[in-house]
Amino acid sequence: QYAMFQAIIEREIAFPPYFPPTAKDLVEKLLAQKPDDRIGAGPAGYQALKDHEFFEDVDWERLRDLDNITEENRNHTKEWKHFLLNNENAVFSGTVNKSRHFSTKKRSLVLTDYPRLFYVDPATQEMKGQVPWSKDLWAEIHPSQQNSPQTATKFIIHTPNRVYDFEVVAPPSSPKDNSNPSSPTKIRAPAKSAGPSSPASSPKAAASSGDLRKMRAGSVAASLAEIWVRKINAQLKLNVFSPASV
């Protein structure tokens, strides 16, 4: 406990390597030791916080009119509770096309903290199978799309005896967002135009924008493959393997 207090006093903040630079900058400004130095506490007030690059895609004026339930923060456990074991929680789920040989079938894929990875027929709500979980399992963006992971729609899961091939299916549009009915985007506002001198046009800013899609609400189908890979591999790093999944 003393060590924790010392870390707070000395402002020792350890960020994991995958933490986006823009998010790191925001956290550091929020955790300034002097309250008056924290972003949003100065003369500009909350506007300085809203203007931070982390929130560059948020349309604050339309925020209350948009649905803030996204693919990442919706209650996956409640949605799949009738398939879950005692004290098991769904970490992520979504609709995918599962391919094998010359057959492609639509499935609901569910990742849990047990961990388990199973798929369900969305039409009949019947469990059709599980991806066998082990320490040798790992996921990656499909090789054909690895040059552009932020727009990838396909991912594969490697197991000792088989490779599973999936393609994400776009989630439905938010009923509250009428600005673009065909878009699956939920809380992200339309992209702001960036002039030649705008920071958003720099390569560094572009990379940060891609990283933010991993952490921020409003992920669309084009980046869901990347989210699936990240969440599956994150469960592996926990090194928790249930007797039923080993």
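What this report covers is the structure whose coordinates are included nearby. (Residues numbered from 1 in each chain as written. Predicted model: local features only at pLDDT ≥ 70, side-chain atom pairs only at ≥ 80, totals over all residues. Heavy atoms only, no water.)

1. Looking at the pattern of salt bridges
Note the threshold: Take a side-chain nitrogen of Lys or Arg and a carboxyl oxygen of Asp or Glu: if they are within 4 Å of each other, that pair is a salt bridge. Only DSSP runs of H or I with at least four residues qualify as helices, and only runs of E with at least two residues qualify as strands; both kinds are numbered from the N terminus onward. Accessible area is worked out with a 1.4 Å probe on protein chains only. A residue is then buried under 20% of its type maximum, exposed over 50%, and partly exposed in between.
In this structure the tally under the stated criterion is five salt bridges. Glu88 is the partner of Arg116 in a salt bridge, and the nearest nitrogen-oxygen pair spans 2.9 Å. Taken together, the residues span a long stretch of sequence, with Arg116 in the loop between strand S2 (103-112) and strand S3 (117-121) and Glu88 in the loop between helix H4 (76-79) and strand S1 (90-100) at a distance of 28 residues. The salt bridge involving Asp121 is made with Arg107; its shortest N-O contact spans 3.8 Å. On the criterion of sequence distance, the pair formed by Asp121 in strand S3 and Arg107 in strand S2 is long-range, its members being 14 residues apart. Residues Asp121 and Arg107 agree in their burial class; the two are buried.

2. What to know about the environment of Leu31
The following threshold applies: We call two residues contacting when some pair of their heavy atoms lies within 4.5 Å.
Here Leu31 lies in the loop between helix H2 (21-30) and helix H3 (46-50). Sequence spacing of Leu31 and Arg11 is 20 residues, and the spatial spacing of their C-alpha atoms is 8.0 Å. Sequence-distant contacts of Leu31, that is, excluding residues within four places in its chain, are made with Arg11 and Ile13.

3. A closer look at the packing of aromatic side chains
Convention followed: We call Phe, Tyr and Trp rings a pair once their centres come within 6.5 Å, taking the six-membered ring for Trp, and we label the pair stacked below 30 degrees between planes, edge-to-face above 60, and tilted otherwise. Two thresholds decide whether a charge sits over a ring: the Lys NZ or Arg CZ must be within 6 Å of the ring centre and within 35 degrees of the ring normal.
Counted under the stated rule, the structure contains nine aromatic pairs. Judged by centre distance (6.5 Å) and plane angle (5°), the rings of Tyr164 and Phe166 are stacked. According to the relative accessible area criterion, Tyr164 is buried, its value standing at 6%. The structure contains a cluster of three or more aromatic residues connected by ring pairs, namely Phe92, Phe155, Tyr164, Phe166 and Trp228. A cation over an aromatic ring shows up here: Arg162 above the ring of Tyr164, its NZ or CZ 4.0 Å from the ring centre.

4. Overview of the pairing of S2
In summary, the side chains of a regular strand alternate between the two faces of the sheet. This is how it is decided: Any two strands with at least two DSSP-identified bridges between them are counted as paired.
For S1 and S2, the ladder comprises 10 bridges, and the chain directions are antiparallel. Bridge assignment links Ser99 to a residue of S2, and that residue is Thr104. Counting the residues between successive antiparallel strands, the hairpin from S1 to S2 contains two residues, one of them, His101, with a positive phi of roughly 55°. Connecting the antiparallel pair S2 and S3 is a turn made up of four residues.

5. Some points on the nonpolar core
Put simply, the rule is: Buried Ala, Val, Leu, Ile, Met, Phe, Trp, Tyr and Cys residues form a nonpolar core when they are joined through side-chain atoms within 4.5 Å.
In terms of nonpolar packing, the biggest core is built from 24 residues, with Leu117, Phe155, Ile157, Trp228 and Ile232 touching the most fellow members. For this core, the elements supplying multiple residues, two or more each, are S1, S2, S3, strand S5 (138-141), strand S6 (154-158), strand S7 (163-168) and helix H6 (221-237). Take this core: its biggest share by element is seven residues, from H6. With seven residues, the next largest nonpolar core counts Trp80, Leu84, Ala90 and Val120 among its residues.

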